[in-house]
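Report on the structure
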Amino acid sequence: PREMPAEELEEVKGHFVQAARLAKEAGFDAIEVHCGHGYLLSQFISPLTNKRADQYGGSPAGRARYPAEVVQAIRAAVGPEYPILVKFNMHDGFPGGLEL
């Protein structure tokens, strides 16, 4: 993986928000944010793939910061009552990966 610049982080966050809005408008009962299995948000959480030295890397809290910001932005867009599910890995399945 490559380190995404701040502008791209904001753009991608906006895409997550737009997808959530569209799902809600289409009548889905809930949305699921996928933070597992090597997808983008899980790459932030995993110590193996996240080598950032800024606020989005380092400690477990730092690595979880961007996924949390995405979920918070989605929550702001869909409202307090709309269900948001978040899928996480508990174990990446390879040496140096996430182990909870």
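To keep things clear, this report deals only with the structure shown in the data block. (Residues numbered from 1 in each chain as written. Predicted model: local features only at pLDDT ≥ 70, side-chain atom pairs only at ≥ 80, totals over all residues. Heavy atoms only, no water.)

So, on to the pattern of salt bridges. The final tally for this structure, using the stated rule, is five salt bridges. For Glu-69, the salt bridge is made with Lys-13, and the minimal N-O distance between the two is 3.5 Å. Highlighted residues: Glu-69 in helix 3 (residues 60-78) and Lys-13 in helix 1 (residues 6-25), separated in sequence by 56 residues. One connected set of salt bridges, linked through shared partners, spans Glu-3, Arg-52 and Asp-54. (Salt bridge = Lys/Arg side-chain N within 4 Å of Asp/Glu carboxyl O. Helix = DSSP H or I, 4+ residues; strand = E, 2+ residues; numbered from the N terminus.)

Let us now look at helix 1. Its 20 residues give helix 1 an end-to-end C-alpha distance of 29 Å, which sits within 8% of 28 Å, the value for a rise of 1.5 Å per residue. Regarding helix 1, the residues found buried are Leu-9, Val-12, Lys-13, Val-17, Ala-20 and Ala-23. One side of helix 1 holds all its buried residues, which, seen down the axis, span an arc of 145°. In helix 1, the exposed positions angled more than 90 degrees off the buried face are occupied by Glu-7 and Glu-25. At its buried positions, helix 1 is contacted by strand 1 (31-35), helix 2 (40-45) and helix 3. (Expected span 1.5 Å × (residues − 1). Buried < 20%, exposed > 50% of the residue type's maximum accessible area, 1.4 Å probe, protein only. Arc of directions from axis to C-beta. Contact = heavy atoms within 4.5 Å.)

Here we come to the pairing of strand 1. Only one face of strand 1 is covered, namely the one carrying Ile-31, Val-33 and Cys-35; the face carrying Glu-32 and His-34 has none of its residues buried. For strand 1 and strand 2 (residues 84-88), the ladder comprises five bridges, and the chain directions are parallel. The partner of His-34 across the bridge, within strand 2, is Lys-87. (Pairing = 2+ DSSP bridges.)

One finds Ile-31, Val-33, Tyr-66 and Ile-74 to be the most contacted residues of the largest nonpolar core, which totals 20 residues. Listing elements by their share of this core, those giving two or more residues are helix 1, strand 1, helix 2 and helix 3. No other element matches the five residues that helix 1 contributes to this core. (Core = buried A, V, L, I, M, F, W, Y, C linked by side-chain atoms within 4.5 Å.)

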